[in-house]
Amino acid sequence: MCKYQSLTVNAFQYAPRYTPKCPLAVLAVQQIISLQLRSTDIVKTMGYPKKHTFAATDRLRYVLCSKNLGLDGSYIDAFYSAEGFVLALFRILQITPEQYREEIESIRHTLQQSN
């Protein structure tokens, strides 16, 4: 089921608060570490205005620590839908659709089954 290795994030100075609970979140955090991105850099690149930085970085943390990447729609804002946020994040992190398409479909299927 999980294609991506578990990871210890605490060693990285830019992502110490992320505890990924989903294989794609593990991959995303690995990319954040690899690209040496700060959460503020990510949300700025996503197009969030400066005054929304705190809320946007909180959403980023929520998505990366969520077992379903926040695709259940439990955390949305005026800028991105649940899926739009994840897709924009993956684009910035240079994660290709081939790397995430199957897992996102699995998450969607699981969410549909639980409703």
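> Would you explain helix H1 (residues 23-35) in this entry?
Residue pairs spaced three or four apart in an α-helix point in one direction, given the helix's 3.6 residues per turn. Helix length check: H1, at 13 residues, gives a terminal C-alpha distance of 18 Å against a target of 18 Å (1.5 Å per residue), a fit within 8%. Contacts made by the buried residues of H1 are with helix H2 (39-45), helix H3 (53-65), helix H4 (82-92) and helix H5 (97-114).

> Mind showing me how you'd approach the packing of H3 against H4 here?
For any two helices packed against each other, the geometry is given by the interaxial angle and the distance between the axes. Packing of H3 against H4 leaves a shortest axis separation of 11 Å and a crossing angle of 90°. When the axes of H3 and H4 are compared, the pair comes out roughly perpendicular. In contact with Ala56, Arg59, Leu60, Val63 and Leu64 of H3, H4 contributes Ala82, Phe85, Val86 and Leu89.

> Explanation requested: the nonpolar core in the structure shown.
For soluble globular proteins, the rule of thumb is that nonpolar side chains tend to be buried together. One finds Met46, Leu64, Leu69 and Phe90 to be the most contacted residues of the largest nonpolar core, which totals 32 residues. For this core, the secondary-structure elements that each account for two or more residues are H1, H2, H3, H4 and H5. Other than its neighbours up to four places away in sequence, Met46 contacts Tyr80, Phe85, Ala88, Leu89 and Ile92.

About the cut-offs
Residues numbered from 1 in each chain as written. Predicted model: local features only at pLDDT ≥ 70, side-chain atom pairs only at ≥ 80, totals over all residues. Heavy atoms only, no water. Helix = DSSP H or I, 4+ residues; strand = E, 2+ residues; numbered from the N terminus. Expected span 1.5 Å × (residues − 1). Contact = heavy atoms within 4.5 Å. Axes fitted to C-alpha atoms, helices over the stretch in contact; angles between N-to-C directions. Parallel < 35°, antiparallel > 145°, perpendicular 65-115°, else oblique. Core = buried A, V, L, I, M, F, W, Y, C linked by side-chain atoms within 4.5 Å. Buried < 20%, exposed > 50% of the residue type's maximum accessible area, 1.4 Å probe, protein only.

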